[in-house]
Amino acid sequence: MSLLREQTTRAFKWSYLSLVISVLFQPLFAAILARLLTRQEFGVLASGMVLFVLGNFVSDMGMGAAIVQKLELTTKNIHAALTSALLLGLLMTVAGWFLAPLAGHYFKNPEVTVVYRGFSLTYLILTVAGVSSNLLRRQLNFRAIMIAELSAFLIGHGLFGLGSAALGYGAMSLVISVFAQNLLLLVITMTMSRFPFGLTSNWADFRELYAFGSRSTVANFADYVSQNIDTFMIGRLYDLTTLGLYNRAFNTVCTPLMSFSRSITRVMDSSMSAVQNDPYRLRRAYTLSVTTLSVLLFPVALCIWVCAREIVLVLLGNRFLAAVPVVMALALYIPFPILANLSSSLVTATAKLNARIGIQVAYLGLLVLAFLGAHLLGYGLVGFAVALLLVSVLRCLAYAVLVGRITGGGLSESLRAYGVGMLGGLAVAAPLLLVTVLLRQAHLALPLLFLAELLTGGVLLLLVLLLGPPTELQRVLRGRLRPLLARRHLLRKRIKV
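What counts, and where the lines are drawn
- Residues numbered from 1 in each chain as written.
- Predicted model: local features only at pLDDT ≥ 70, side-chain atom pairs only at ≥ 80, totals over all residues.
- Heavy atoms only, no water.
- Helix = DSSP H or I, 4+ residues; strand = E, 2+ residues; numbered from the N terminus.
- Buried < 20%, exposed > 50% of the residue type's maximum accessible area, 1.4 Å probe, protein only.
- Contact = heavy atoms within 4.5 Å.
- Areas by Shrake-Rupley, 256 points an atom, 1.4 Å probe, with all protein chains shown as cover.
- Salt bridge = Lys/Arg side-chain N within 4 Å of Asp/Glu carboxyl O.
- Phe/Tyr/Trp six-rings, centres within 6.5 Å; stacked < 30°, edge-to-face > 60°.
- Patch = residues over 30% accessible without salt bridge, like charges linked within 9 Å, V, L, I, M, F, W, Y side chains within 5 Å.
- Axes fitted to C-alpha atoms, helices over the stretch in contact; angles between N-to-C directions.
- Parallel < 35°, antiparallel > 145°, perpendicular 65-115°, else oblique.
- Left-handed = near helix turned anticlockwise from the far one by under 90°.
- Core = buried A, V, L, I, M, F, W, Y, C linked by side-chain atoms within 4.5 Å.
- Nonpolar A, V, L, I, M, F, W, Y, C, P; charged D, E, K, R; others polar.
- Expected span 1.5 Å × (residues − 1).
- Polar contact = N/O pair within 3.5 Å; in protein donor to acceptor, adjacent residues only side chain to side chain.

So, the overall build of the chain
1) Next: Counting its secondary structure elements, the chain contains 19 helices and 0 strands.
2) Next: The burial tally for the chain puts 55% of its 497 residues in the buried class.
3) Next: Here the contacts in the chain between residues at least 6 apart in sequence split such that 85% fall between residues at least 24 apart.
4) Next: Here the chain has roughly 21700 Å² of accessible surface; of this, 69% comes from carbon and sulfur atoms.

What about the pattern of salt bridges?
Pairs can form between side chains of opposite charge once their charged atoms are near each other.
1) Next: Across all of its chains, the model carries 2 salt bridges by this definition.
2) Next: Across the pair Glu310 and Arg309 runs a salt bridge whose closest N-O atoms are separated by 3.8 Å.
3) Next: Overall, the relative accessible area of 0% leaves Glu310 in the buried class.
4) Next: What makes Arg309 partly exposed here is its relative accessible area of 42%.
5) Next: In this structure, the salt-bridge partner of Glu310 is Arg440, at a minimum N-O distance of 2.8 Å. Of this pair, Glu310 sits in helix α12 (residues 308-315) while Arg440 is found in helix α17 (residues 410-441), placing the two residues 130 residues apart along the sequence.
6) Next: In the salt-bridge network here, residues are joined through shared partners; they are Arg309, Glu310 and Arg440.

Topic: the packing of aromatic side chains
1) Next: In this structure the tally under the stated criterion is 12 aromatic pairs.
2) Next: Ring geometry for Phe298 and Phe336: centres 5.7 Å apart, planes at 80°, overall edge-to-face. Pair noted here: Phe298 is in helix α11 (residues 279-306) and Phe336 is in helix α14 (residues 335-349), with a separation of 38 residues, a long-range link.
3) Next: In this structure Phe298 comes out as buried when scored by relative accessible area, which is 6%.
4) Next: Centroid distance Phe371 to Phe384: 4.8 Å. Interplanar angle 15°. Geometry classified as stacked.

Some thoughts on the side chain of Asn109
1) Next: Within the secondary structure, Asn109 is located in the loop between α4 (75-106) and α5 (111-120).
2) Next: Given the relative accessible area of 8%, Asn109 is considered buried.
3) Next: Filtering out sequence-adjacent residues up to four positions away, Asn109 remains in contact with Gln40, Val44, Gly104 and Leu240.

Notes on a nonpolar patch on the surface
1) Next: Taken together, Leu90, Val94, Trp97, Phe98, Leu121, Leu124, Phe179, Leu183 and Val187 make up a surface patch of nonpolar side chains, about 830 Å² in accessible area.
2) Next: Elements supplying a minimum of two residues to the nonpolar patch: α4 and α8 (172-192).
3) Next: Here the nonpolar patch gets 4 residues from one element, more than from any other, and that element is α4.

Re the environment of Leu364
1) Next: Here Leu364 shows up in helix α15 (residues 353-376).
2) Next: Along the primary structure Leu364 and Ala222 are separated by 142 residues, whereas in three dimensions their C-alpha atoms are 7.5 Å apart.
3) Next: In this structure, Leu364 is in contact with Val225, Ser226 and Ile229, ignoring residues within four places of it in sequence.

Here we look at the packing of α4 against α5
1) Next: Their axes nearest at 8 Å, the elements α4 and α5 cross at an angle of 165°. Judged by the inter-axis angle, α4 sits roughly antiparallel to α5. Classified by chirality, the crossing of α5 by α4 is right-handed. Here Thr93, Gly96, Trp97, Ala100, Pro101, Ala103 and Gly104 of α4 come into contact with α5, specifically with Val112, Thr113, Tyr116, Arg117 and Ser120.

Here's the deal with the nonpolar core
One recurring pattern in soluble globular proteins is that nonpolar side chains are buried together.
1) Next: By size, the foremost hydrophobic cluster in this structure holds 107 residues, and its most contacted members are Phe119, Tyr246, Ile304, Leu330, Leu339, Phe371 and Leu388.
2) Next: Broken down by element, the residue count for this core peaks at 14 residues, all from α11.
3) Next: If near-sequence neighbours (up to four positions away) are discounted, Phe119 is found in contact with Gly48, Met49, Phe52, Leu174, Val175 and Val178.
4) Next: Core analysis: the second largest hydrophobic core is formed by 23 residues, Ala66, Ile67, Ala81 and Tyr210 among them.

Quick word on the packing of α5 against α8
1) Next: Contact geometry of α5 with α8 gives a least axis separation of 9 Å together with a crossing angle of 5°. As judged from the angle between their axes, α5 and α8 are roughly parallel. In this structure, α5 uses Val114, Val115, Gly118 and Phe119 to contact α8, whose residues at the interface are Met172, Leu174, Val175 and Val178.
2) Next: Considered class by class, the residues forming the contact of α5 with α8 number 7 nonpolar, 1 polar and no charged.

Structural notes on α17
1) Next: Along its 32 residues, α17 runs 47 Å from first to last C-alpha, staying within 8% of the 46 Å computed at 1.5 Å per residue.
2) Next: All of the buried residues in α17 are Glu413, Ser414, Ala417, Tyr418, Gly421, Gly424, Gly425, Val428, Ala429, Leu432 and Thr436.
3) Next: Of the residues flanking the end of α17, it is His443, one or two places downstream, whose phi is positive at about 55°.

Observations concerning α5
1) Next: Of all 10 residues making up α5, 7 are buried, and the element is well covered by its neighbours.
2) Next: Those residues of α5 not exposed but buried are Val112, Thr113, Val115, Tyr116, Gly118, Phe119 and Ser120.

Section: the environment of Pro447
1) Next: Inspection of the secondary structure puts Pro447 in helix α18 (residues 446-467).
2) Next: Residues Pro447 and Val314, 133 residues apart in the sequence, show an inter-C-alpha distance of 7.5 Å.

Overview of the side chain of Thr189
1) Next: Structurally, Thr189 can be placed in helix α8.
2) Next: Looking at Thr189, the relative accessible area reads 1%, which means it is buried.
3) Next: At 2.7 Å, the side chain of Thr189 and the side chain of Ser132 are in polar contact.
4) Next: Setting aside residues up to four positions removed in sequence, Thr189 forms contacts with Ala129, Ser132, Ser133, Leu136 and Ala148.

Points about the environment of Val68
1) Next: Relative to the helices and strands, Val68 resides in helix α3 (residues 63-69).
2) Next: When its relative accessible area of 7% is taken as the criterion, Val68 is described as buried.
3) Next: Along the backbone, Val68 and Gln139 are 71 residues apart, and their C-alpha atoms lie at a distance of 8.6 Å.

Right, here's the structure in full:
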């Protein structure tokens, strides 16, 4: 096995571990938070967070992508990235503080002003942590990244975030959570990356990073707007209580898998950047990755669609029962942005940023038209979710066409991987739906019904992953199970003797 494949395989293992922990803890934390905050407070949080992420894109200026993608990275380049992070982080903190009242006016709620000012105090920490995290990404040291991110999430959000919500801090609890998480992330990543601390004022040290980073920022900004345009439009067209309902529906079913998507995308971005000049290895890495993700994501998405009612009642409670049809639509949406992000990573790794920007701009335009249509026709939040699903399918196909041209594999390879994933999804969802309908008719208690759905879906998904088409995840799972089966066989022989 080549060194790159070995490093990538280890990175995938840590990404899968991250997924398991996210699936276990994010819904748990979300369930606790849903019982501590009101729907309006969630709307305030959603509006403040979407503005915070916008500032993060500006303060990064594509330096993270440049650090990972640049073939030869010097110590002076790292010093330039750190200097840029400090200056832009400070600039965005000041800008966020003074522009926050405009955010309160846009969302028609003065609480948004206070929350966004709290978020803006995190920019300086976040930008520096981004430099050290991307150095670890460049080294394919995803073990260190996952340790840092999971520790920051469990302590920062689980302890500080939920603790402050329980103490009555309301919408500001997420501000406290974000600040604590990024501070922990900064300390851990700087320690593990052996960060060569230093500053520079020589423009030549910045030039190469900004040459790539500026175009990457435009592409990332287009990604950001398209990912958050629903929040901007719902918050303006309706009210923050409605936005809070949508935000909880989206975060409950999408956030754990989106976190996993970011982990996988970072792995593939780093891996494909390393082989960007080798079309054969690039195509092979992409095909294996898209098949692996499809076989995992489509079954999970259809499981969530089947169990949407129980998921909402258990994780969010009766107050959010109106979110069930929204959750069902968003469940079907899940695979497509993640698969599109994987394709986007290949496009970025091969520096085809103009094409990526073009797809994102077209995607954004279609989203705005689709959302306006859903609103004018009176379809409400369900209409927004269905519009998001349909336009995301189109973007995913557009990226698949572009990737086919870059790798020489054509659109057929991506479609074949999607088809395999969909078949796996039907193989899991059909028996799960039968079990769920029978248990609902038997009026089984909600906790027992939810547990039965989890166990049934988990077993069916495991069977599909183990017995389905060859994927990197299948290889990892079989590798874990082989020693267990060998020990079991040996134990049986001893018993017979």
